[in-house]
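Read off the chains here:
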Amino acid sequence: MLDKRYQVFITTSGSEMQPERMILAQTLVGMGFFSWGLEQRTPLSTAFARRQIDDCDYVILLLGSKYGEQSVSGVGYMHLEYIYAVTKQKPIIVFMHDDPDARDPNLHDDKPELREKFKDFRKLLQQEVDQVFTYRTMRDLEMAVRLNMTQMLERYPVSGWVRPQNTQVLHDEIDKLKAKVMQLETEAGKREVDPFLTLPKVAMHEFFVFDYRMHAYQDGNFKELKIQKQMTWAQLLSVLGSTFIHPTPEEYFSKRMNEYLNETGLNDARQEMPRAHAVARSQINIRALHSIKMQMRQNDWIIQSGRDDRQRMLWQLTPKASKLLESNLLENDRAFQFQSS
């Protein structure tokens, strides 16, 4: 771990968590993590917090016994930062006090409605987040951080920051492996019989209908929705195309589609929940995703492009698809769909 550093965004309810935050930050520094976060929040600081979340490797929620200061929407700043981290698919870990009621009365919200929101938020985290750990004392918190942040690196590996003097050796080794893999892929490709030759091609204006699931947030609570959505193949190519301009791992098909559904799903959610203010955890149906990938391959929009250093299959846009992206055909189709929806 000494050769790598990781950025962690810490979110708390406010200044009453300063003692715990200091223990957390000190422990993280010794483990190779740089910590970010804001204690004093305002509407103007929200954009800054989001930029920090965008750039971080992991997000830590430190929950004591307060819901904390609320935004103008009535949702707490910590709650909003959690929702944003979920929409960005950041690995999240929660350290919460085991018995909030036992904490000093000065460390609780004064208003009954805020205390109720705290209980609801605590329950939501326990339901939604896979990595939730409790503590009672500062020593408990330190030990929980030391044990579980190490496990987070194993469960959710990220690139982090590597010391510059070590990168050249890594790059040289990667280049050698890439060359070898490309050679093997070329040889294997000559022998491979494509099982999708019988799949008919589709026109750009044709619709593809698929299902996806999401969490929609309304009044501080969430509900899982199952949505049926239709998009033209021109729209799908526009969404996915820019991701595969260069050779990119196969897993980015789902990553980019789910990001797009998170970005645009609020209107879908409001069909069922008119006051919904955010959506997260959008997940496209796996069979639909497979159909999209195979159809794009059959239409000669994507092609296999070897494997990376982790042996992940790489895909890349074809010259044919690149020309389509550069033309105004996709823009015109997208504008038509928005006008007719």
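Keep in mind that this is a model prediction, so the values were computed, not measured. Counting of residues starts from 1 at the beginning of each chain's written sequence and follows it residue by residue. Where local features are concerned, this predicted model is filtered to residues with pLDDT of at least 70; where side-chain atom pairs are given and counted, the filter is 80 or more; whole-chain, interface and lining totals use all residues. Working from all heavy atoms in the structure, the side-chain values ignore hydrogens and water.

A. Just the confidence of the model for the protein, in detail. Every residue is assigned a pLDDT by the predictor, reflecting its confidence on a scale from 0 to 100. On average, residues of the protein carry a pLDDT of 85, and 87% of them reach 70 or more. Here, residues are in contact when the closest pair of their heavy atoms is within 4.5 Å. Counting contacts from residues 190–197, a segment whose pLDDT is below 50, to residues more than four positions away or on other chains yields eight contacts. In the predicted structure, residues 332–341 sits below a pLDDT of 50 and forms 11 contacts with residues beyond four places in sequence or in another chain.

B. A look at the sheet that holds strand β10 (residues 278–284). Read from one edge to the other, the open sheet built from three strands follows the order β8-β7-β10, with strand pairing classed as antiparallel. The sheet terminates laterally at β8 (221–232) and β10, the two strands that pair on one side only. Ignoring strand direction, the axes of neighbouring strands in this sheet form an average angle of 30°. Inspection of the sheet shows strand β7 (residues 207–218) paired to β8 by 12 bridges, in the antiparallel sense. Paired with Y212 across the bridge in β8 is I227. DSSP calls a pair of strands paired once it identifies at least 2 bridges connecting them. For helices the rule is a DSSP run of H or I covering at least 4 residues; for strands it is a run of E covering at least 2, with both sets numbered from the N terminus onward. Under this scheme, a helix contributes an axis fitted over its contacting stretch, all axes are lines through C-alpha atoms, and angles between N-to-C directions fall in the 0 to 180 degree range.

C. Main features of the packing of helix α3 (residues 77–87) against helix α4 (residues 112–128). α4 packs onto α3 with a crossing angle of 20° between their chain directions and a minimal axis gap of 12 Å. With respect to α4, the axis of α3 lies roughly parallel. Crossing hand, α3 versus α4: left-handed. The segment α3 lies against α4, with M78, H79 and Y82 engaging F121, L124, L125 and E128. Partitioned by chemical class, the residues of the contact of α3 with α4 number five nonpolar, one polar and one charged. Roughly parallel here means an angle under 35 degrees, roughly antiparallel means over 145, roughly perpendicular means 65 to 115, and every remaining angle is called oblique. Handedness of a crossing follows from how the near helix is turned relative to the far one, being left-handed for an anticlockwise turn of less than a right angle and right-handed for a clockwise one. Amino acids outside the nonpolar list (Ala, Val, Leu, Ile, Met, Phe, Trp, Tyr, Cys, Pro) and the charged list (Asp, Glu, Lys, Arg) are all regarded as polar, and Gly is one of them.

D. Examining helix α8 (residues 252–269) more closely. Residue count minus one, scaled by 1.5 Å, sets the expected span of a helix. The end-to-end C-alpha separation of α8 is 24 Å, in line with the 26 Å expected for 18 residues at 1.5 Å each. Type-normalised accessible area, obtained with a 1.4 Å probe on protein chains alone, sets the label of each residue: buried when under 20%, exposed when over 50%, and partly exposed for intermediate values. Considered for burial, the residues of α8 that qualify are F253, R256, M257, N258, Y260, L261, N262, G265, D268 and A269.

E. Summary view of the packing of helix α7 (residues 233–241) against helix α9 (residues 286–298). Relative orientation of the contacting elements α7 and α9 amounts to 95°, with a least axis distance of 12 Å. Between α7 and α9, the angle falls in the class roughly perpendicular. Between α7, through W233, L236, L237 and L240, and α9, the contact on the second element is made entirely by S291, I292, Q295 and M296. When the residues that make up the contact of α7 with α9 are grouped by side-chain class, the tally is six nonpolar, two polar and no charged.

F. The pattern of salt bridges, seen in detail. Note on definitions: salt bridges are taken to be side-chain nitrogens of Lys or Arg within 4 Å of carboxyl oxygens of Asp or Glu. Counted by the stated rule, this structure contains 12 salt bridges. E224 is the salt-bridge partner of R213, the closest N and O atoms lying 3.5 Å from each other. Note that R213 is positioned in strand β7 and E224 in strand β8, a separation of 11 residues in sequence. On the basis of relative accessibility, which here comes to 46%, the residue E224 falls in the partly exposed class. Note that K223 is salt-bridged to E272, the shortest N-O span being 2.9 Å.

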